[in-house]
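Here are the chains, one letter per residue:
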Amino acid sequence: MTTATIDPNITMQELLQAFPGAQRALFRKYHIGGCSSCGFKPTETLTQVCERNERLPVDEVIGHIQSSHEADLKMQVSPEELSSILKSGVPARLVDVRTREEYEAVHIEGSILLSQQLMQEGLMKWDRAGLLVLIDHQGTRSMDAAAYFAGHGFENVKSLRGGIDAWSRDVDASLPRYHLE
């Protein structure tokens, strides 16, 4: 799988649309974009952001974004793949990272809502080699949660690509879809 090339003059808004994990990647390695003091404007280009952040080499930053994107793709499971896994009987822990209201409105059968208490239990007691699938609305926040658990030693952690929205569309049409304002 080859990642598309990134034009150094791409705006940050365009970059984040094409590579949703770019902000996480930039923050993790360069401390860019995680807070107001290191943030960027959607209209700034990648070159401009690199220039004002200690003149980072744009090619190096692009390479990091691309390799992080490829790692993100490997950490995702499609709704169809997850459905097959669940039907096969492979044990999987499904953890929903949405709000309680979203979860109560619609969720995948067998999933559990992430809470602070559940997260602590997970970090202390869950099998780090077992399949852990994180679920959100459209697959963005669950990637952050998957990266968090992977960073804490979980070896088989996945994010549901497209979230419950894709699950409702591609696997179980009986689950209602919704849009957040």
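The structure displayed is predicted, hence computed values, not measured ones. (Residues numbered from 1 in each chain as written. Predicted model: local features only at pLDDT ≥ 70, side-chain atom pairs only at ≥ 80, totals over all residues. Heavy atoms only, no water.)

A.B. asks: Honestly, the overall build of the protein in this entry has me stumped. Any pointers?
C.D. replies: Helix and strand counts for the protein stand at nine helices and five strands. For the protein, the sequential pattern of α-helices and β-strands runs α-α-α-α-β-α-β-α-β-α-β-α-β-α. Taken against the 2.2 N^0.38 rule, which gives 16 Å for 181 residues, the C-alpha radius of gyration of the protein at 18 Å falls within 12% of a compact globule. Overall, the C-alpha framework of the protein stretches about 50 × 35 × 35 Å when taken along its three principal axes. Looking at the protein as a whole, 44% of its 181 residues qualify as buried. The contacts of the protein with a sequence gap of at least 6 include a subset with a gap of at least 24, amounting to 65%. Split by element, the accessible area of the protein, about 10,200 Å² in all, is 51% carbon and sulfur. (Helix = DSSP H or I, 4+ residues; strand = E, 2+ residues; numbered from the N terminus. Rg over C-alpha atoms; globule rule 2.2 N^0.38 Å. Buried < 20%, exposed > 50% of the residue type's maximum accessible area, 1.4 Å probe, protein only. Contact = heavy atoms within 4.5 Å. Areas by Shrake-Rupley, 256 points an atom, 1.4 Å probe, with all protein chains shown as cover.)

A.B. asks: Would you mind going over helix 9 (residues 163-170) with me for this structure?
C.D. replies: Every α-helix carries 3.6 residues per turn, so stepping three or four residues along brings you back to the same face. Taken across its eight residues, helix 9 has six buried, putting it largely inside the fold. Of the positions making up helix 9, those classed as buried are Gly163, Ile164, Asp165, Ala166, Trp167 and Ser168. Summarising the contacts, the buried residues of helix 9 are in contact with helix 5 (79-88), strand 4 (131-135) and strand 5 (157-160).

A.B. asks: Teacher, can you tell me more about unusual backbone geometry here?
C.D. replies: Most of the time, phi is negative for any residue but glycine, and the peptide bond is trans. Despite not being glycine, histidine 31 has its phi angle at roughly 55°, a positive value. Considering the arrangement of structural elements, one finds histidine 31 in the loop between helix 2 (22-30) and helix 3 (46-52). Positive phi values are uncommon outside glycine, yet glutamate 54 reaches one of about 60°. Glutamate 54 gets classed as exposed once you look at its relative accessible area, which sits at 77%.

A.B. asks: Can you help me understand the pattern of salt bridges in this one?
C.D. replies: When their charged atoms lie close together, side chains carrying opposite charge are able to pair. Under the defined criterion, the tally for this structure stands at nine salt bridges. With its nearest N and O atoms 2.7 Å apart, the salt bridge here joins arginine 24 to aspartate 72. Here arginine 24 is found in helix 2, whereas its partner aspartate 72 is found in helix 4 (residues 58-74), with 48 residues between them in sequence. Side by side, arginine 24 and aspartate 72 carry an identical accessibility label, which is buried. Among the charged side chains, a network of salt bridges with common partners joins Arg24, Asp72 and Asp144. (Salt bridge = Lys/Arg side-chain N within 4 Å of Asp/Glu carboxyl O.)

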